Amino acid sequence: MKKIILSIGLLSIAFIINSCDSEPVDSELLDLVNNPVEGVEGNYIMTSFHSSEAVDINGDNTSSNELMDETNCFTGNYLIINSDNTFQASSKGVDIEIVGSTETITCYTDPIITGTWQQIDNKLYVTYIDEGDEYTDVFTINGNKLTQTEPNGSVVGTDSNGNPAYLTANLTIVYTKN
């Protein structure tokens, strides 16, 4: 009888050990462990504006996916995240100016954007009002970087004839903490 009980016990242990498979690791959780989210408050500067559609904004006949390599219109764009859950951001970029029948690619500077922010896990939500409409932009926090993605966004480029045009592209904007 002892042999039967011992055999059943050993079989049970072997079954338990063999049935414990490891589960796949959640990549977002692993990223949080490897790049912990510290205080998000601080000053950030735009360090990358990437477009899935290569453009030639500066007219040098070389297209690039990195818009900051094509123009200095984004240089100095900043985002300040304050400890009282408010933020301010500059708004500089590229647009198409139409004068009569002539279209040219130009830089613009809009008024400073202000609003509130909220952090949930590794996401930063910034909410603001622009021309009477409320917007919320979402950034992924990864170490000292804030990354915003905009699928099917609009980017200034040129058409096949070299004329200024708005193109649809997936956009990724990165701000790096100073």
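Residues numbered from 1 in each chain as written. Predicted model: local features only at pLDDT ≥ 70, side-chain atom pairs only at ≥ 80, totals over all residues. Heavy atoms only, no water.

K.L.:
I'm lost on the layout of surface pockets in this one. Help?
P.N.:
Empty space left among the atoms is revealed by rolling a probe the size of a water molecule over them. Approximately 1,200 Å³ is the volume found for the largest pocket. Forming the walls of the largest pocket are 40 residues, and the residues nearest its centre are S91, Y108, I113, Y128 and D137. Taken together, the elements giving at least two residues each to the lining of the largest pocket come down to β1 (42-55), β3 (78-81), β4 (86-99), β5 (102-120), β6 (123-130), β7 (133-142), β8 (145-158) and β9 (164-177). A per-element tally of the lining of the largest pocket places β4 first, with 8 residues. (1 Å grid on protein atoms, 1.4 Å probe; cavity = no way out; pocket = protein on both sides within 12 Å on 5 of 7 lines; lining within 4 Å. Points joined across faces, edges and corners; volume = space filled by probe spheres on them. Helix = DSSP H or I, 4+ residues; strand = E, 2+ residues; numbered from the N terminus.)

K.L.:
Help me understand the environment of S63 in this model?
P.N.:
Structurally, S63 is set in the loop between β1 and β2 (64-66). Take S63: its relative accessible area is 47%, and that puts it in the partly exposed class. Sequence separation of S63 and E53 is 10 residues, and the distance between their C-alpha atoms is 9.1 Å. Ignoring anything within four residues of it in the chain, the contact list for S63 reads A54, V55, D56 and E70. (Buried < 20%, exposed > 50% of the residue type's maximum accessible area, 1.4 Å probe, protein only. Contact = heavy atoms within 4.5 Å.)

K.L.:
How should I be thinking about the nonpolar core in this particular structure?
P.N.:
If you look at the biggest cluster of nonpolar residues, it comprises 30 residues, and the most contacted ones within it are V40, L79, I81, F87, L124, L146 and Y175. Contributions of two or more residues to this core are made by β1, β3, β4, β6, β7, β8 and β9. Those residues within four positions of V40 in sequence are excluded, and the remaining contacts are I81, W117, Q119, L124, I141, L146 and K177. (Core = buried A, V, L, I, M, F, W, Y, C linked by side-chain atoms within 4.5 Å.)

K.L.:
Would you explain the state of the cysteines in this entry?
P.N.:
Here a disulfide denotes a covalent bond joining the sulfur atom of one cysteine to the sulfur atom of another. On inspection of all chains with the given rule, the structure shows 1 disulfide. Paired through a disulfide, C73 and C107 show a sulfur-sulfur distance of 1.7 Å. Between C73 and C107, the S-S torsion sits near -70°, and that sign places the bridge as left-handed. A residue pair is termed long-range when its members are at least 10 positions apart, and C73 in the loop between α3 (67-70) and β3 and C107 in strand β5 qualify at 34 residues. (Disulfide = S-S within 2.5 Å.)

K.L.:
Any chance you could explain unusual backbone geometry here in plain terms?
P.N.:
Trans is the prevailing form of peptide bonds, just as negative phi is the prevailing case for residues other than glycine. The backbone of N61 sits at a positive phi, close to 65°, despite the residue not being glycine. Structurally, N61 is set in the loop between β1 and β2.

K.L.:
In this structure, what is going on with the packing of aromatic side chains? I would like to understand it.
P.N.:
Two descriptors summarise a pair of aromatic rings, namely the distance from one centre to the other and the angle between the planes of the rings. Per the counting criterion, the structure on display carries 4 aromatic pairs. With centroids separated by 6.4 Å and ring planes inclined at 80°, the aromatic side chains of F87 and Y128 adopt a geometry described as edge-to-face. Of this pair, F87 sits in strand β4 while Y128 sits in strand β6; the two residues are 41 residues apart in sequence, bridging distant segments of the chain. The buried category is assigned to F87, whose relative accessible area is 4%. Taken together, a centroid distance of 6.0 Å and an interplanar angle of 75° make the contact between F139 and Y175 edge-to-face. (Phe/Tyr/Trp six-rings, centres within 6.5 Å; stacked < 30°, edge-to-face > 60°.)

K.L.:
What is the right way to read the pairing of β1 from this model?
P.N.:
Consecutive residues of a regular strand have side chains that alternate between opposite faces of the sheet. As judged from the 4 bridges shared by β1 and β3, these two strands associate in the antiparallel manner. The residue bridging G42 from the neighbouring strand is I81, located in β3. By the bridge criterion, 7 bridges tie β1 to β9 in an arrangement that is antiparallel. Of the residues in β9, the one forming a bridge with S51 is L171. Examined bridge by bridge, β1 and β2 share 2 bridges and lie antiparallel to one another. For V55, the partnering residue across the bridge sits in β2 and is S64. (Pairing = 2+ DSSP bridges.)

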